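# Commentary on secondary and tertiary structure
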Amino acid sequence: MSGERHDKVEEEIRQLRAALRQSQRELSSARRRTEEVELELRRTKRSLEDSWYQLDTLRKSESWRVGSFLRKAKNVARKLRK
């Protein structure tokens, strides 16, 4: 291989290695961000599950059932006024 050709190959290898290192850094950064997003998703799901549990508990409570009757009566009275 001629000296000039050898230099071109060496330069191409250097550029490819630099590009590979950059790609590896970007991949590492993307993985960290993915882990952060997955953690936030798990927290959000847990919060949503807690909210649904609280809503279900509220709807099964005696005060909600009594209030349901009052809400229905209020809606009927509102319709009768119209």
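The structure this text deals with has already been given above.
Residues numbered from 1 in each chain as written. Predicted model: local features only at pLDDT ≥ 70, side-chain atom pairs only at ≥ 80, totals over all residues. Heavy atoms only, no water.

Counting its secondary structure elements, the protein chain contains two helices and zero strands. Taken against the 2.2 N^0.38 rule, which gives 12 Å for 82 residues, the C-alpha radius of gyration of the protein chain at 32 Å runs more than 25% over that of a compact globule. Taking all 82 residues of the protein chain together, 1% fall into the buried category. Counting every atom, the protein chain has about 8,000 Å² of accessible surface; 54% of that belongs to carbon and sulfur. For the protein chain, the distance from the average site of its 23 positive side-chain charges to the average site of its 14 negative ones is 17 Å. (Helix = DSSP H or I, 4+ residues; strand = E, 2+ residues; numbered from the N terminus. Rg over C-alpha atoms; globule rule 2.2 N^0.38 Å. Buried < 20%, exposed > 50% of the residue type's maximum accessible area, 1.4 Å probe, protein only. Areas by Shrake-Rupley, 256 points an atom, 1.4 Å probe, with all protein chains shown as cover. Lys, Arg positive; Asp, Glu negative; His and termini not counted. Charge placed at Lys NZ, Arg CZ, Asp CG, Glu CD.)

Moving on, we get to the environment of Q15. Among the structural elements, Q15 can be located in helix α1 (residues 3-60). Considered as a pair, Q15 and K72 are 57 residues apart in the sequence and their alpha carbons are 74 Å apart.

Another point: the pattern of salt bridges. By the definition in use, this model includes four salt bridges. Where R14 meets E11, a salt bridge forms, and the shortest distance between an N and an O atom there is 2.5 Å. Taken together, the residues span about one helical turn, with R14 and E11 both in helix α1 at a distance of three residues. The class for R14 is partly exposed, based on a relative accessible area of 47%. Residue classification places E11 among the partly exposed positions, given a relative accessible area of 31%. Ionic pairing is found between K60 and D56, a salt bridge with its closest N-O pair at 3.1 Å. One end of the pair, K60, and the other, D56, are both in helix α1, four residues apart, so they sit about a helical turn from each other. (Salt bridge = Lys/Arg side-chain N within 4 Å of Asp/Glu carboxyl O.)

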